[in-house]
Amino acid sequence: MARFASQLSASGPVVLLLGLPLLMGGAILAWIVQDQQPNSQALSKSLVDELLDQQSSHQSAAAGASAAAQELAVPPLGAQPALAIRVMLHHDPGPVSIHHGERSETLNCRGGQLTGAPQPLGSGRWFQAVAGEPVGLNQQRYRGGVQVLCQGNKLLVVNHVPLEDYISSVVGAEMPSHWPAEALRAQAVAARSYAMAHLARPASQAWNLGATTRWQAYGGLGTESKSSRAAAADTQGLILSFEGGIVESLYAADRQLTVEAHGHLGASMSQQGARSLADKGYQFTQILSKYYPGASLARLQRS
């Protein structure tokens, strides 16, 4: 999406995002955040095979077939893995303001060291919620933990957030909360597939993907809503799959933008189109079938 971001930004508050079929015969890397610590561990291929439950889910739409007659099968819900994703919130010179509990700190970076107190603070800090209160960065609040690192004279701020909380926020950032529930559910599945592709192929050693429409929009608690949380919960763990791999699901605001940005890639969802189909009574499984022909639904599961 990087190479299309400049074109799309001029077209309104569009949300780009992503998805060409990613055939992943190798291991999928993901990060499971345990006890809210910034350490991560790679998932083995055998665990990935167990996470992707595709029972009877290969009833995908054939190219050119009527979406109204096609519906992707939904695998049964099982125990979900405790996955977290690392979202880059800031990677520029400082300062930034961090709020945790009743405390606030203004951090900057100088000579590879964080500053903000009378003495250097080292190269990095880790902030967690206090008494259930989310961590604040400038004017936004985020679930999970926030890691602040000094890289040269730039501050890197990364949110380590549970995957389903992340999806709730992305859906709210990408689609208006008053849109039909089926469109929001389709968006949730597309966003989760894109996120999982970047767990497997992170943008950096320190983070998986960014928080802007260069990736997919994410605003922490500020873009969550009751309807976006419901869309994530209703599709919990569902991703798009193709031949046993994950579909890095592209999408954009409307058909014109999907053609301009992704037409040559073969599969991309129009968000306005998803809304229109939902208004006509289409289920999210039918919407996804229309925009991602050949794909099926898989469910992330813990063994």
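The present account deals with the structure reproduced in this document.

Basis of the calculations
- Residues numbered from 1 in each chain as written.
- Predicted model: local features only at pLDDT ≥ 70, side-chain atom pairs only at ≥ 80, totals over all residues.
- Heavy atoms only, no water.
- Phe/Tyr/Trp six-rings, centres within 6.5 Å; stacked < 30°, edge-to-face > 60°.
- Helix = DSSP H or I, 4+ residues; strand = E, 2+ residues; numbered from the N terminus.
- Buried < 20%, exposed > 50% of the residue type's maximum accessible area, 1.4 Å probe, protein only.
- Pairing = 2+ DSSP bridges.
- Contact = heavy atoms within 4.5 Å.
- Axes fitted to C-alpha atoms, helices over the stretch in contact; angles between N-to-C directions.

Re the packing of aromatic side chains
All told, the structure shown has three aromatic pairs when counted by the stated rule. On the basis of an interplanar angle of 45° and a centroid distance of 5.1 Å, the ring pair of Tyr 166 and Tyr 218 is categorised as tilted. Linking Tyr 166 in helix α3 (residues 163-174) with Tyr 218 in the loop between β13 (209-210) and α5 (226-234), this pair joins segments that are 52 residues apart in sequence. Residue classification places Tyr 166 among the buried residues on the basis of a relative accessible area of 0%. Classification of Tyr 218 as buried rests on a relative accessible area of 7%.

Observations concerning unusual backbone geometry
Of note, Asn 138 is a non-glycine position whose phi angle comes to about 55°, a positive value. On the secondary structure map, Asn 138 appears in the loop between β9 (135-137) and β10 (140-142). For Asn 138, a relative accessible area of 34% puts it in the partly exposed group.

So, the sheet that holds strand β8 (residues 124-128)
Strand order across the open sheet formed by five strands is β8-β11-β12-β4-β13, with mixed pairing between neighbours. Strands at the two margins of the open sheet, each flanked by one partner only, are β8 and β13. Sheet contacts for α3: β4 (84-92), β12 (154-162) and β13; angle to β12, the most-contacted strand, approximately 105°.

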